[in-house]
Amino acid sequence: MKDIFLADAHLVAPDDLNYQRLMGFLNSLKGNVRTLFLLGDIFEFWGNFNHPPRAYQPLTARLEELVAHGAQIVWVEGNHDFHLQRYFGRRPGFRILPDGGMVDLGHDSVYIAHGDLVDPDNLNYLRLRRLLRSSFLAFLTGTLPQTLLDRIAARMSRESKKRRRSYDRQKELLPLLEQHAIRHLKSGAAAVVTGHYHMPLFRKIGAGTLIALGDWIDDFSYAEHDNGVFELKRYPS
């Protein structure tokens, strides 16, 4: 049975096109997927929540439907969804990998990550990342009123859109992605799969494979692993 990898939906409201498309895609996977790998930033903002905010309840319900149909869900935290353990870590069929890592797919070992740690010289971001994942922020996001959290999510959405418009993504980041992939391929991974960069990329590196997943905002792209073969696809095909 196939495995599916996707990232960077940045979901905000159930009426949004990308939210509706993702819901349709997940519905098509019922009974047809072994493991769904979510490589971060599925939501525009998720903190240390005890229950899903109202806007995210349709998506969380759809994920639990997949589990009920036999799928496992492996979730890597991104830079917009973190502290997932409190809610999803207690749900049957969910496995949370805060920083990603090596996973086994039959005879293949695959390294998965959100991708925000690829650039070790981006010290400002690394400091922000430590703050976002700190116990202090976990406490705040677990106790702040939902109306304030919604305003934070809206602000993060506006800022992330500005960054995407100003990013010359492939030219600047491809060398870093390749270095990241080579390091893990040498450590025994057959493939490296990452999100974060909002650009779909499928590249062979020696006997290994580098996949950048693209996003569910403009590309609606995902990776599929079936019988040892990886493909990068779009929805609808």
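A brief look at the structure comes next. This structure is a prediction, so every number in the text was calculated from the model and none was measured. (Residues numbered from 1 in each chain as written. Predicted model: local features only at pLDDT ≥ 70, side-chain atom pairs only at ≥ 80, totals over all residues. Heavy atoms only, no water.)

What follows concerns the pattern of salt bridges. Per the stated rule, a full pass over the model turns up 8 salt bridges. We note a salt bridge from Asp 3 to Arg 34, for which the minimum N-O separation is 2.6 Å. On the criterion of sequence distance, the pair formed by Asp 3 in strand 1 (residues 2-6) and Arg 34 in strand 2 (residues 33-38) is long-range, its members being 31 residues apart. When the shortest N-O distance is used, the salt bridge between Arg 91 and Glu 64 registers 2.9 Å. Highlighted residues: Arg 91 in the loop between strand 3 (72-76) and strand 4 (94-97) and Glu 64 in helix 2 (residues 57-68), separated in sequence by 27 residues. Judged by its relative accessible area of 27%, Glu 64 falls in the partly exposed class. (Salt bridge = Lys/Arg side-chain N within 4 Å of Asp/Glu carboxyl O. Helix = DSSP H or I, 4+ residues; strand = E, 2+ residues; numbered from the N terminus. Buried < 20%, exposed > 50% of the residue type's maximum accessible area, 1.4 Å probe, protein only.)

Here the focus is the environment of Tyr 197. Of note, Tyr 197 is situated in the loop between strand 7 (191-194) and strand 8 (200-205). Residue Tyr 197 is classed as buried on the basis of its relative accessible area, which comes to 5%. Measuring from C-alpha to C-alpha, the distance between Tyr 197 and Asp 215 comes to 8.1 Å, with 18 residues separating the pair along the chain. A distance of 2.5 Å separates a polar atom in the side chain of Tyr 197 from the backbone oxygen of Gly 115. (Polar contact = N/O pair within 3.5 Å; in protein donor to acceptor, adjacent residues only side chain to side chain.)

Here the focus is helix 2. Compared with the 16 Å implied by 1.5 Å per residue over 12 residues, the 16 Å span of helix 2 between its first and last C-alpha is a close match. Regarding helix 2, the residues found buried are Leu 59, Thr 60, Arg 62, Leu 63, Leu 66 and Val 67. One face of helix 2 carries all of its buried residues, which in axial projection span an arc of 160°. Downstream of helix 2 by a residue or two, Gly 70 has a phi angle that is positive, lying close to 105°. (Expected span 1.5 Å × (residues − 1). Arc of directions from axis to C-beta.)

This part is about the pairing of strand 8. Both strand 8 and strand 9 (residues 208-213) contribute to a ladder of 6 bridges, which runs antiparallel. Paired with Arg 203 across the bridge in strand 9 is Leu 210. What sits between the antiparallel neighbours strand 8 and strand 9 is a turn of 2 residues, in which Gly 206 has the positive phi angle 60°. (Pairing = 2+ DSSP bridges.)

The next point concerns the packing of helix 1 (residues 17-28) against helix 2. Packing of helix 1 against helix 2 brings their axes to within 10 Å, and their N-to-C directions diverge by 10°. The angle between helix 1 and helix 2 falls in the class roughly parallel. Contacts from Tyr 19, Leu 22, Met 23, Leu 26 and Asn 27 in helix 1 reach Gln 57, Pro 58, Leu 59, Arg 62, Leu 63 and Leu 66 in helix 2. Counted by class, the contact of helix 1 with helix 2 contains 8 nonpolar, 2 polar and 1 charged residues. (Axes fitted to C-alpha atoms, helices over the stretch in contact; angles between N-to-C directions. Parallel < 35°, antiparallel > 145°, perpendicular 65-115°, else oblique. Contact = heavy atoms within 4.5 Å. Nonpolar A, V, L, I, M, F, W, Y, C, P; charged D, E, K, R; others polar.)

So, to be careful, I would describe these as geometric facts and stop short of saying anything about function.
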